[in-house]
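Summary of structural features
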Amino acid sequence: MILEMNNIQKEFDGLEVLKDISFGVDSGEVVSIIGPSGSGKSTLLRCATFLETIDGGEIIYMGDKAARTGEDGKAVYAGPQEMKKFRSYCGLVFQQFNLFPHYSILKNITDAPIKVQGKSKDEAEANARELLKKMGIEDKADAYPFQLSGGQQQRVAIARALAMKPEILFFDEPTSALDPELTGEVLKVIKQLADEKMTMVVVTHEMPFAKAVSDRVIFMDGGVIVEQGAPKDVLGNPSEERTQQFLRVFER
Amino acid sequence: MTFETMLSTMASGMLKTGLIFVLTLIGSLPLGMIVALLHKSRFFIVRKFISIYISIIRGTPLMLQLLVWYFGPFYLFGWNIGNWRFPAIIVAFVVNYAAYFAEIYRGGIESIPQGQYEAAQVLGYSKFQTFMRIILPQVVKIILPSVTNEVITLVKDTSMAFTLAYAEVFSLAKQISASQSSFMPFLIAGVFYFVANYVVEFIMKRIEKSMDYYK
């Protein structure tokens, strides 16, 4: 198991957003999380990537506990030094890309490996150019984010996350901010990563994509996992009424 | 008094004006950043102190602040500080301008989207790295026009050192004009301020332009 999340609880101002959620991700597995907005999908990703702190439960990366429930029932996180290690295990691709506008594309990708991981400039740049090539935008190395289309920016964001060599990569609705004709190019590179056995968790509304790339689909609603399993089961023949309801909207 | 003598007498005042200007910027530009960051402190008492400081500075005339800094130590504490005139001027200007710069910085920092912090955090940047490498460079670009405004105001505000009878350009102009019954010193002072601000504007435009490479 790369990641295990057990009995995760999270509330915002008294509103329970995650209610006792448990799930795990194996090495090389691609998991899609679907569900209506407000179901807690994004919050779950933000908890897994430590952008939000959980109120209760366990987060275990590579067998080590990053967070556990303390004696008083509240979540306790590992010390700052250990948290650095846990953070280095995971990467996150945002809906809004969040590239650094003042850095060139190349620097967006190389800065963290150099400044955070202490890689040499040459090594980081060589790796970045390779990643850009893989993303099909090697000619954009010297451009700035504002000069790129949304689809290109999102591919840079994926390259930036990959440059840190994470064990697991999370995507928070990676194509939701894109024009329909640009989603394909982003989904294509995610598909390519799936073929290379990159461990990934993707929150998405793209059902055909979820069906095509995932090993497992999780349907969330109201802060709980309603149903999970192979894509052909969850998406093709859901056993829960709420899942059926949700998927009907997409068929229209 | 010939025009040349007037000019050379006033030149010493121009130097003093320039000194107030430069020292104020050197002190208040970084101090303003510290104030802006303290304004976002997680300690309520610190935030409260900073907001009181800013509202006092913005709510009272700089001229009054100059007098308080100069006379305050003696009247309030009975201290007799030798050669206090020039330091009092610089302290008053730095403390005043830091408050204004702090508000500009704060606006700039708050306009950076949360996503920038989150992206940096997920990539493992420390808080200090995030601020220095990701946030600050973007803040500088955003606030530059407002900073230019303040700097131009500062050039003209230096004339308030006149209140403490410090012999900068404006004080000298008034003095010479009275003793020589001449209007010329005022014209010289006017041209001086105008040219100084022309230079400020030119330099700031260049800096703004150097940051045009991204949006």
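Residues numbered from 1 in each chain as written. Chains lettered and ligands numbered in written order. Predicted model: local features only at pLDDT ≥ 70, side-chain atom pairs only at ≥ 80, totals over all residues. Heavy atoms only, no water.

**Topic: the packing of helix α3 (residues 105–115) of chain A against helix α5 (residues 150–162) of chain A**
All names here are of chain A. What counts is decided by this rule: Angles run from 0 to 180 degrees between N-to-C directions of axes, and those axes are lines fitted to C-alpha atoms, restricted for helices to the stretch in contact. In this description a helix means any DSSP run of H or I spanning at least four residues, a strand means any run of E spanning at least two, and both kinds are numbered starting from the N terminus. Here the word oblique covers every angle except those under 35 degrees (roughly parallel), over 145 (roughly antiparallel) and from 65 to 115 (roughly perpendicular). When the near helix sits turned anticlockwise from the far one by under a right angle, the crossing is termed left-handed; a clockwise turn instead gives a right-handed crossing. Pairs of residues are marked as contacts when any of their non-hydrogen atoms sit within 4.5 Å. Residues are grouped as follows: Ala, Val, Leu, Ile, Met, Phe, Trp, Tyr, Cys and Pro are nonpolar; Asp, Glu, Lys and Arg are charged; every other residue, Gly included, is polar.
Where α3 contacts α5, the axes come no closer than 8 Å and their chain directions differ by 20°. What the angle tells us is that α3 and α5 run roughly parallel. Considering how the two elements wind past one another, α3 and α5 form a crossing that is right-handed. For the pair formed by α3 and α5, the contact residues are I105, N108 and I109 on the first element and V156, A159 and R160 on the second. The class makeup of the residues in the contact of α3 with α5 is four nonpolar, one polar and one charged.

**Comments concerning the layout of surface pockets**
Which entries qualify depends on this criterion: Put plainly, a pocket is an open set of points on a 1 Å grid over the protein atoms alone with protein on both sides within 12 Å along at least five of seven lines, a cavity is a set where a 1.4 Å probe fits but cannot get out, and a lining residue has an atom within 4 Å of a point. Grid points are joined across faces, edges and corners, and a volume is the space filled by probe spheres set on the points.
Volume-wise, the largest pocket comes out at about 1,200 Å³. Of all the secondary structure elements, the ones that give two or more residues to the lining of the largest pocket are α2 (80–89) of chain A together with α4 (85–110), α5 (114–122) and α6 (127–157) of chain B. Taken together, the residues of the lining of the largest pocket sort by class into 14 nonpolar, nine polar and nine charged.

**Points about the interface of chain B and chain A**
Let me state the cut-off plainly: Summed over both partners, the accessible surface that disappears when two parts come together, traced with a 1.4 Å probe, is what is meant by buried area. By definition here, a salt bridge exists when the distance from a side-chain nitrogen of Lys or Arg to a carboxyl oxygen of Asp or Glu is within 4 Å. The definition of a polar contact used here is a pair of N or O atoms within 3.5 Å, where within protein one atom must be able to donate a hydrogen and the other to accept one, and adjacent residues in sequence count solely through side-chain atom pairs.
Contacts between the two partners involve 18 residues from chain B and, on the opposite side, 23 residues from chain A. The contact between chain B and chain A buries some 2,000 Å² in all, and 60% of this surface belongs to carbon and sulfur atoms. Summed over the three residues of chain B that lose the most area to chain A, namely V122, L123 and R133 of chain B, the buried surface amounts to 32% of that side. The tally of links from chain B across to chain A stands at two salt bridges. With a shortest N-O distance of 2.5 Å, R133 of chain B and D111 of chain A are connected by a salt bridge. Scanning the region where chain B abuts chain A turns up 11 residue pairs in polar contact (both at pLDDT 80 or more). Mapped onto the side of chain B that touches chain A, the elements with two or more residues apiece are α5 and α6 of chain B.

**Here's the deal with helix α8 (residues 184–210) of chain B**
Residue pairs three or four apart in sequence face the same way in an α-helix, which turns once every 3.6 residues. Residue and element names in this part refer to chain B. Selection criterion: A helix is expected to reach a length of 1.5 Å times the quantity of its residues less one. Three labels apply to residues, based on accessible area from a 1.4 Å probe with only protein chains included: buried if under 20% of the type maximum, exposed if over 50%, partly exposed otherwise in between.
In a regular helix each residue adds 1.5 Å, so 27 residues correspond to 39 Å; α8 covers 39 Å between its end C-alpha atoms and thus fits that length. Buried within α8 are the following residues: P185, I188, A189, F192, Y193, N197, V200 and M204. Those residues of α8 hidden inside the fold are in contact with α1 (3–39), α6 and α7 (169–180).

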